[in-house]
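Tertiary structure, described
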Amino acid sequence: MTLQEIEQLVFAEIIRVTTAKELEEVQHTYLGRKGHLTAILRGLSTLSLEEKRTIGEQANALRVRIETALKEQFGKLEGKGEEKFFDITFPGKKVVTGHLNPLTLILREIEDIFISFGFSVVEGPEVETEFNNFDALNIPANHPAREMWDTFWLKPENQKLLLRTHTSPVQIRYMMTHEPPFRIIVPGTTYRYEATDARHEMQFTQVEGLVVGKDVTLANFKAVIEAFFIRLFAQKVEIRLRPGYFPFVEPGVEVDATCPRCKKKGCELCKFSGWLELGGAGMVHPNVFDAVKYNPKEVQGFAFGIGAERFAMIKYGIPDIRLFRSGDLRFIRQF
Ligand code: FA5
């Protein structure tokens, strides 16, 4: 077949076919291994240099046009002529969805509960100044209380920047830019340079609370934390306040709640004491109010700081805090 004959036939055939299978046959007839155009292209080597150039050029141009026409027609015929069978009883494909880390779940729940109590959710930076993390919180340099928080200092050391050891510096940031009365919680990541075990991580999460206004008392705090705990664990609990020392509160307390698992009978979770330690709290120290230029004679406030992983461990029965950031999908998929 000559190039002219091919050109006359092939395009008509491409348009005439009605199924993809027929079109494949046309493709095979002209462009297949033994196709008409392939034969001409293969025969080029036997021609003179002049013929090679002119015929070669024409043959290649024709091949491109045929391929374009085939492509277009394949597009039009897609699916035509094939019998379509749809089995409506065939089980659907399961859509694989991701899971939220239990830490995210507990933080959302904690935030929702406090929002329903009229609190606002506030955030602060994880890299803090020494002033906000320590000095303004009544923990001056060389004060032994600094040893309560093993700190990651950032270089260069003369800038006195650090990874916050607690969420309490956000108290300072917020009070310096807002006037009382207010109620806030501050969820956030915190860091301590300490050995890890089943209950301690170098990177963990705290939720700070701060309420400042006129006539705010520790009794208000006890009522709020009790209502919060009842909502989170959907059961009645008792709250116990023990004296505790934090330089930025006076008086300071350690907050315990009756163990939601054994209900005070004693179990592994509460180390057979019937009580679980939730965090620290107290009445904002006058020195802290001084640092943020509030008048301690006019306003009072309570503050608290609780460990979020601790709540998730209690609520979901997680035995080891290191699982949260392990990246182990077998852990995450359980939630
Ligand atoms: C504080 O960090 C105070 N800022 C809390 C506070 C705020 C007191 C406001 C008074 C007023 P503490 O170091 O105890 O306190 O930490 C509070 C909670 O954080 C602990 O009860 C614990 O649940 C959690 N936590 C502390 N260190 C770790 C750690 N290494 N890994 C996991 N959770 C921790």
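Residues numbered from 1 in each chain as written. Predicted model: local features only at pLDDT ≥ 70, side-chain atom pairs only at ≥ 80, totals over all residues. Heavy atoms only, no water.

With respect to the helices and strands, T165 occurs in the loop between β4 (161–163) and α7 (169–177). For the pair T165 and F228, spaced 63 residues apart in sequence, the C-alpha separation works out to 24 Å. At a separation of 3.0 Å, a polar atom in the side chain of T165 contacts the side chain of N133. (Helix = DSSP H or I, 4+ residues; strand = E, 2+ residues; numbered from the N terminus. Polar contact = N/O pair within 3.5 Å; in protein donor to acceptor, adjacent residues only side chain to side chain.)

For side chains of opposite charge, pairing can occur when their charged atoms come near one another. In this structure the tally under the stated criterion is 15 salt bridges. Between R173 and E128 there is a salt bridge, with its nearest N and O atoms 2.6 Å apart. Note that R173 is positioned in helix α7 and E128 in strand β2 (residues 127–129), a separation of 45 residues in sequence. For R173, a relative accessible area of 32% gives the class partly exposed. Residues D256 and R240 are paired through a salt bridge, measuring 2.9 Å at the closest nitrogen-oxygen approach. Placement of the pair is D256 in strand β8 (residues 249–258) and R240 in strand β7 (residues 239–243), with a sequence separation of 16 residues. Exposure remark for D256: the relative accessible area of 2% places this residue in the buried category. (Salt bridge = Lys/Arg side-chain N within 4 Å of Asp/Glu carboxyl O. Buried < 20%, exposed > 50% of the residue type's maximum accessible area, 1.4 Å probe, protein only.)

Before going further, it helps to spend a moment on the environment of E208. Within the secondary structure, E208 is located in strand β6 (residues 203–213). By relative accessible area, which is 3% here, E208 ends up buried. With 103 residues separating them in the primary sequence, E208 and L105 have C-alpha atoms 17 Å apart. In terms of polar contacts, E208 uses its side chain to reach the side chain of S168, at 2.8 Å.

With that out of the way, let us pick up helix α8 (residues 218–233). Across its 16 residues, α8 extends 23 Å between first and last C-alpha, which sits within 8% of the 22 Å expected from 1.5 Å per residue. Listing the buried residues of α8 in full gives F221, V224, I225, F228, F229, L232 and F233. Taken around the axis of α8, the buried residues stretch over an arc of 140°, which confines them to a single face. Of the surrounding elements, those touching the buried residues of α8 are α5 (102–116), β7, β8, β9 (275–284), β10 (300–307) and α10 (308–316). The residue sitting at the N-terminus of α8 and contributing the capping side-chain oxygen is T217; that oxygen lies 3.3 Å from the backbone nitrogen of A219. Downstream of α8 by a residue or two, A234 has a phi angle that is positive, lying close to 50°. (Expected span 1.5 Å × (residues − 1). Arc of directions from axis to C-beta. Contact = heavy atoms within 4.5 Å.)

With that settled, consider the side chain of E128. Using a relative accessible area of 0% as the deciding quantity, one classes E128 as buried. A distance of 3.2 Å separates polar atoms of two side chains, one belonging to E128 and the other to N132. Polar contacts involving the side chain of E128 include one to the side chain of R173, which spans 2.6 Å. Residues contacting E128, with those up to four places away along its chain left out, are N133, K160, L161, L162, R164, P169 and R173.

The full set close to the ligand counts 24 residues, and H166, S168, R192, E194 and E201 are the nearest of them. Note that a nitrogen atom of the ligand is positioned 2.9 Å from one of the side-chain N or O atoms of S168. E194 has a polar side-chain atom sitting 2.7 Å from a nitrogen atom of the ligand. Coverage of the ligand by the protein amounts to 91% of the 680 Å² it exposes when considered alone. Of all the secondary structure elements, the ones that give two or more residues to the shell around the ligand are β6, β9 and β10. Within the shell around the ligand, the residues separate by chemical class into ten nonpolar, nine polar and five charged. (Near = heavy atom within 4 Å. Areas by Shrake-Rupley, 256 points an atom, 1.4 Å probe, with all protein chains shown as cover. Nonpolar A, V, L, I, M, F, W, Y, C, P; charged D, E, K, R; others polar.)

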